[in-house]
Amino acid sequence: MEPLIRELTDADRDANHRLGADAFGYAADRQPSALPPVGGAVLGAFVGDELTAKIRARDDRIHLPGNRTMEMFGVEGVAVHPEARGGGLLSPLFRAGFDRARRLGQPISILFPTAAGIYRRFGYELVGSLEQREIAVSALAKVKAPQGISLRRATNDDLGELRRLYAAWAAERLGPLTRVRPSAPILSGDYLASPASVTLAIDTTGEIVGSVRWTRGTGYDPATSIIEVEDLIGRTSDATRALWRFLGTFDSVSGRVNVELPSGDESLTALPAEPAPAVKEHRYMLALVDIPAALAARRGLPGLTAQLPFGVTGGFAEDVDGHYVLEVSGDELRCSRGSSGVGPTFHARGLAALYGGAQRCAGLRAGGLLDGPADHDALWDALFNVPAQVRDYF
Ligand SMILES: CC(C)(COP(=O)(O)OP(=O)(O)OC[C@H]1O[C@@H](n2cnc3c(N)ncnc32)[C@H](O)[C@@H]1OP(=O)(O)O)[C@@H](O)C(=O)NCCC(=O)NCCS
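What counts as what
Residues numbered from 1 in each chain as written. Predicted model: local features only at pLDDT ≥ 70, side-chain atom pairs only at ≥ 80, totals over all residues. Heavy atoms only, no water. Helix = DSSP H or I, 4+ residues; strand = E, 2+ residues; numbered from the N terminus. Buried < 20%, exposed > 50% of the residue type's maximum accessible area, 1.4 Å probe, protein only. Contact = heavy atoms within 4.5 Å. Lys, Arg positive; Asp, Glu negative; His and termini not counted. Charge placed at Lys NZ, Arg CZ, Asp CG, Glu CD. Pairing = 2+ DSSP bridges. Axes fitted to C-alpha atoms, helices over the stretch in contact; angles between N-to-C directions. Near = heavy atom within 4 Å. Polar contact = N/O pair within 3.5 Å; in protein donor to acceptor, adjacent residues only side chain to side chain. Areas by Shrake-Rupley, 256 points an atom, 1.4 Å probe, with all protein chains shown as cover. Domains from an automatic or database assignment. Buried area = accessible area lost by both parts, 1.4 Å probe. Salt bridge = Lys/Arg side-chain N within 4 Å of Asp/Glu carboxyl O. Expected span 1.5 Å × (residues − 1). Core = buried A, V, L, I, M, F, W, Y, C linked by side-chain atoms within 4.5 Å. Phe/Tyr/Trp six-rings, centres within 6.5 Å; stacked < 30°, edge-to-face > 60°. Lys NZ or Arg CZ within 6 Å of the ring centre and 35° of its normal.

K.L.:
Explain the overall build of the protein residue by residue, including any values.
P.N.:
Each helix and strand in the protein was counted, giving nine helices and 17 strands. Taken along the three principal axes of its C-alpha coordinates, the protein extends 60 × 60 × 35 Å. A burial count over the protein gives 49% of its 394 residues as buried. Across the protein, every contact between residues at least 6 apart in sequence was considered, and the portion connecting residues at least 24 apart equals 72%. Of the side-chain charges in the protein, 42 are positive and 48 negative, and the distance between the mean point of each set is 2 Å.

K.L.:
An account of the sheet that holds strand 5 (residues 108-111) is needed here, citing residue identities and associated values.
P.N.:
If you trace the 12 strands from one edge of the open sheet to the other, you get 1-2-3-4-5-12-6-11-10-9-8-7, paired in mixed fashion. Two strands bound the open sheet, and with one partner strand each, they are strand 1 (4-7) and strand 7 (150-153). On average, adjacent strands in this sheet sit at an angle of 25 degrees to one another, irrespective of strand direction. With four bridges joining them, strand 10 (residues 226-234) and strand 11 (residues 256-262) adopt parallel strand pairing. In the sheet register, Ile226 faces strand 11, and the bridge partner there is Arg256. Sheet contacts for helix 1 (residues 13-24): strand 2 (40-47), strand 3 (50-64) and strand 4 (68-80); angle to strand 3, the most-contacted strand, approximately 80 degrees.

K.L.:
Mind laying out the side chain of Asp265, listing which residues take part and the relevant values?
P.N.:
Among the structural elements, Asp265 can be located in the loop between strand 11 and strand 12 (278-288). Given a relative accessible area of 4%, Asp265 falls into the buried group. In this structure Asp265 touches Trp169, Gln389 and Arg391, once residues within four positions along its chain are discounted.

K.L.:
Could you give an account of the site of the ligand, with specific residues and numbers?
P.N.:
Val78, Gly86, Gly88, Thr114 and Arg121 are the nearest of the 19 residues found near the ligand. Taking Val80, its main chain carries an N or O atom lying 2.9 Å from an oxygen atom of the ligand. Within the backbone of Gly86, one N or O atom sits 2.8 Å away from an oxygen atom of the ligand. Burial of the ligand by the protein chains amounts to 63% of its free accessible area of 920 Å². Residue assignment for the shell around the ligand shows that the elements contributing at least two residues are helix 1 and strand 4. Top element by residues in the shell around the ligand is strand 4. It accounts for three residues.

K.L.:
Outline the domain arrangement of the protein, listing residues and values.
P.N.:
Parsing the protein into structural domains produces domain 1 (4-106), domain 2 (143-272) and domain 3 (291-384). Each of domain 1 and domain 3 has a C-alpha centre, and the two are 30 Å apart. Note on domain 1 versus domain 3: buried area summed over both sides is about 960 Å², and carbon and sulfur give 57% of it. With a shortest N-O distance of 3.9 Å, Arg102 and Asp319 are connected by a salt bridge. Here domain 1 and domain 3 share four residue pairs in polar contact (both at pLDDT 80 or more) between them. If you list the elements that add at least two residues to the side of domain 1 that touches domain 3, you get strand 4 and helix 2 (90-103).

K.L.:
Any chance you could break down helix 5 (residues 237-248) for me, citing the residues and the numbers?
P.N.:
Between its first and last C-alpha, helix 5 extends 16 Å over 12 residues, near the 16 Å set by a 1.5 Å rise per residue. Considered for burial, the residues of helix 5 that qualify are Ala239, Thr240, Ala242, Leu243, Trp244, Phe246, Leu247 and Gly248.

K.L.:
Tell me about the nonpolar core, and name the residues and values.
P.N.:
Note on soluble globular proteins: their nonpolar side chains tend to be buried together. Grouped together as the largest cluster of nonpolar side chains are 72 residues, with contacts concentrated most on Phe94, Tyr124 and Phe310. Counting residues domain by domain, this core receives three or more from each of domain 1 (4-106) and domain 3 (291-384). The residues contacting Tyr124, other than those within four sequence positions of it, are Phe73, Val75, Phe94, Phe98, Ser109, Ile110, Leu111, Tyr119, Met285, Leu286, Ala287 and Arg349. Residues Val137, Val212, Phe250 and Leu271 belong to the second largest nonpolar core, which totals 24 residues.

K.L.:
Which residues make up the environment of Ala239, and what values do they have?
P.N.:
Its location among the elements puts Ala239 in helix 5. Since its relative accessible area comes to 0%, Ala239 is described here as buried. Spatially, the C-alpha atom of Ala239 lies 36 Å from that of Ala57, the residues being 182 residues apart in sequence. Excluding anything up to four places from it in sequence, Ala239 contacts Ile149, Ala201, Val209, Gly210 and Gly234.

K.L.:
Explain the side chain of Thr178 to me, using residue names and the numbers behind them.
P.N.:
On the secondary structure map, Thr178 appears in the loop between helix 4 (159-170) and strand 8 (196-202). A relative accessible area of 11% means that Thr178 is categorised as buried.

K.L.:
Please give an account of the packing of aromatic side chains that cites residues and values.
P.N.:
Tallied over the full model, the rule gives 22 aromatic pairs. Taken together, the ring pairs in this structure connect Phe73, Phe94, Phe98, Tyr119, Phe122, Tyr124 and Phe316 into an aromatic cluster. In this structure, Arg30 is placed above the aromatic ring of Tyr26, and the distance from its NZ or CZ to the ring centre is 3.7 Å. Here the basic side chain of Arg298 rests over the ring of Tyr355, its NZ or CZ set 4.7 Å away from the ring centre.

Given below as structure tokens:
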């Protein structure tokens, strides 16, 4: 029997909670959440009258290089009733999710998978990870203190400045959430609420040029006391070093900071020693839902004019497969449907990996995700050579 797919309403609250609890092992005191969720929807698959599978759509927005932003279909809370697994219920749910994303003008989708294999057939590919590292506070104490940076604790009055700092920092990056959508109002009062603290780095002109959010662990025995660090942002190398050095001042009372940053985050290069390897990671995947809109949102290359015909195959979202032309006109990119089969053919997952800065054309070819003429490979590489940096786990 074909499942019925529909958006859940508050009448489905308990059934949604039971499905989530079976999948994710909720704590016994967790209360069912109201539906629909703020800034999104939960799509459910009903077999008969039973809610049997669901995905949660999170309507979000991300930053792109060149001070651009773009709507994004975030996916979370994917669950199939334990006794119904293996029955293919995710396919109609993702079809409905991609249709909704197109309707809402969300050209790409991002999710944090528990296993990448679940999502590859829907066109998602791994593009990065949010990594947790354990760094000895004694190593941070060795960071040289820069001149001209002062520090102070942030208060609620600084929220506007914190948002401006984050947006300025994110303006040249690919993937940071804008943090202001109803689905993710991260830079709100909770960001500063106890037990977390936020320390600001201020330059000689009085401008806030960095911030770090940290949670002091209990006790003062360096052997057991740990500081959790979630969000280190430095707009200048002096600000970054000042914030690392600040964490290093806890040397006598804390042994370790646990710091969570996306793979390739530049702030780690400010450390004098090679950073410890990641001990935990949340990997994330990207899929293209609307190829012309997704490509047009990216920045071109100053001085370059080019026409790059290409094809896409193996996609799952409606209308992804087909022929296209990418036009580069300096800083601007335009992408439209093309008619011929000239140019290379990307597998949808391959184009997602390239878009997310995780693969270059040579790697895609070796992995069977790109075929055909290679004369434009260097241009494709140059256009999309920006790593994805998502900082907020969902
Ligand atoms: C993951 C989960 C949603 C998959 O449900 P399902 O009913 O097996 O999904 P479907 O039948 O639609 O799809 C199964 C496909 O996913 C693949 N898959 C499922 N679990 C997988 C895993 N852990 N690793 C790799 N691939 C997996 C299967 O191989 C199958 O692919 P195939 O058809 O090519 O053989 C379900 O097992 C579940 O609820 N797990 C617990 C919660 C969870 O991990 N959710 C994901 C959060 S990101």
